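Each chain is listed here by its residues.
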Amino acid sequence: MIRWPPHVDSALFLERHWQKAPLLIPGGVTDIGFLPSPEELAGLACEEDVESRLVSGDSVNGWRVREGPFVVADFLALPEAGWTVLVQDVDKDLADVAALLEAFGFLPRWRLDDLMISYAAPSGSVGPHIDAYDVFLLQGDGARTWELDCAPGVAPRREDSELDVLARFEPDKCWSVQSGDIIYLPPGVAHFGHSVQPSMTCSVGFRAPSASEMFATTARWLESTAKSRYADPDLAPDEIEGSRLSSAAIERARHLLGTAAAEADAGMAELLGRLSTEVKP
């Protein structure tokens, strides 16, 4: 269970913060004994079937990223500061860590995506960026500073970085977090985390399928359920003008798509179910 700040509970969180405004939850989790050690996390990053990244750099020189799996020598060669290792889907590999997700039972279970854990050396960061989904950032061991720009407006990206980081970042909030603190960030809030000392952070992300993803899932579903094709049994002589698309042809195409959309609408529960349970490659 999450320990909410005074005068905040799950209902008030949904009303005032969910997809609306960031929230700092000091001491949101009292026991972080479920977290892996840095060595255990590094071990996961060396596994072939685990998605991991190693990020290094800074605001002056830009950020660089290496994809896992890694070997022990990769970690032994790292400097004392300025890097972060990130491991995705840790909840699928460590049962003790997966138990943390039960604390988010006040949100729809199907919206949960995964639990990523990062370990950062002093000054470690992945740069200022914007996420397109909701995220809870639980601070494990160590301390970290988070700067936020709650209204970033037009946010161009840096061209000298391998990561999708912002070229301009003007924070309007700064929160320092200790072990057990939680930060909630809605989509679209620019944020920049800096590790003050060696620290571990859990990132609980929530699925937010894009319209294009939903269209792609719908198209795949229609391939197996809808057999209708474009047809023009009412083709008229005045439509035959070389390669020109007639208004009647456009209307037939619109009708075909409308019929397919109606079929998809009837199967929306299945479509959304397929999309929300689709596993990552």
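Everything below is about the structure shown above.
Conventions and cut-offs
- Residues numbered from 1 in each chain as written.
- Predicted model: local features only at pLDDT ≥ 70, side-chain atom pairs only at ≥ 80, totals over all residues.
- Heavy atoms only, no water.
- Buried < 20%, exposed > 50% of the residue type's maximum accessible area, 1.4 Å probe, protein only.
- Helix = DSSP H or I, 4+ residues; strand = E, 2+ residues; numbered from the N terminus.
- Arc of directions from axis to C-beta.
- Pairing = 2+ DSSP bridges.
- Axes fitted to C-alpha atoms, helices over the stretch in contact; angles between N-to-C directions.
- Contact = heavy atoms within 4.5 Å.

> It is not clear to me how helix α7 (residues 268-277) should be interpreted in this structure. Could you clarify?
Every α-helical turn comprises 3.6 residues, leaving residues that sit three or four positions apart pointing alike. L271, L275 and S276 are the residues of α7 that are buried. Projected onto a plane normal to the axis of α7, the buried residues spread over an arc of 125° and lie on a single side. Every exposed residue of α7 that faces more than 90 degrees away from the buried side is listed here: A269 and T277.

> Explain the sheet that holds strand β11 (residues 190-195) to me, please; I cannot follow it from the model alone.
On the basis of which strands lie adjacent, the open sheet formed by 4 strands has the order β6-β11-β8-β9 and antiparallel pairing. Only two strands of the sheet have a single partner each, and these edge strands are β6 (129-130) and β9 (173-177).

> Before we go on, may I ask you to explain the sheet that holds strand β2 (residues 52-58) in this structure?
Where strands meet in a sheet, backbone hydrogen bonds hold them as pairs that are either parallel or antiparallel. If you trace the 8 strands from one edge of the open sheet to the other, you get β1-β10-β7-β12-β5-β4-β2-β3, paired in antiparallel fashion. Each end of this open sheet is capped by a strand with a single partner; those strands are β1 (23-25) and β3 (62-67). Across the sheet, the axes of successive neighbouring strands diverge by a mean angle of 20°, strand direction being ignored. Of the strand pairs in this sheet, β2 and β3 are connected by 6 bridges, and their pairing is antiparallel. In the sheet register, L54 faces β3, and the bridge partner there is R66.

> How do you make sense of the side chain of S199 when you look at a structure like this?
Turning to its location among the elements, S199 is positioned in strand β12 (residues 199-206). The exposure class assigned to S199 is buried, which follows from its relative accessible area of 2%. With residues near it in sequence (within four places) discarded, S199 still touches S118, Y119, A120, Q139, D141, G142, A143 and R144.

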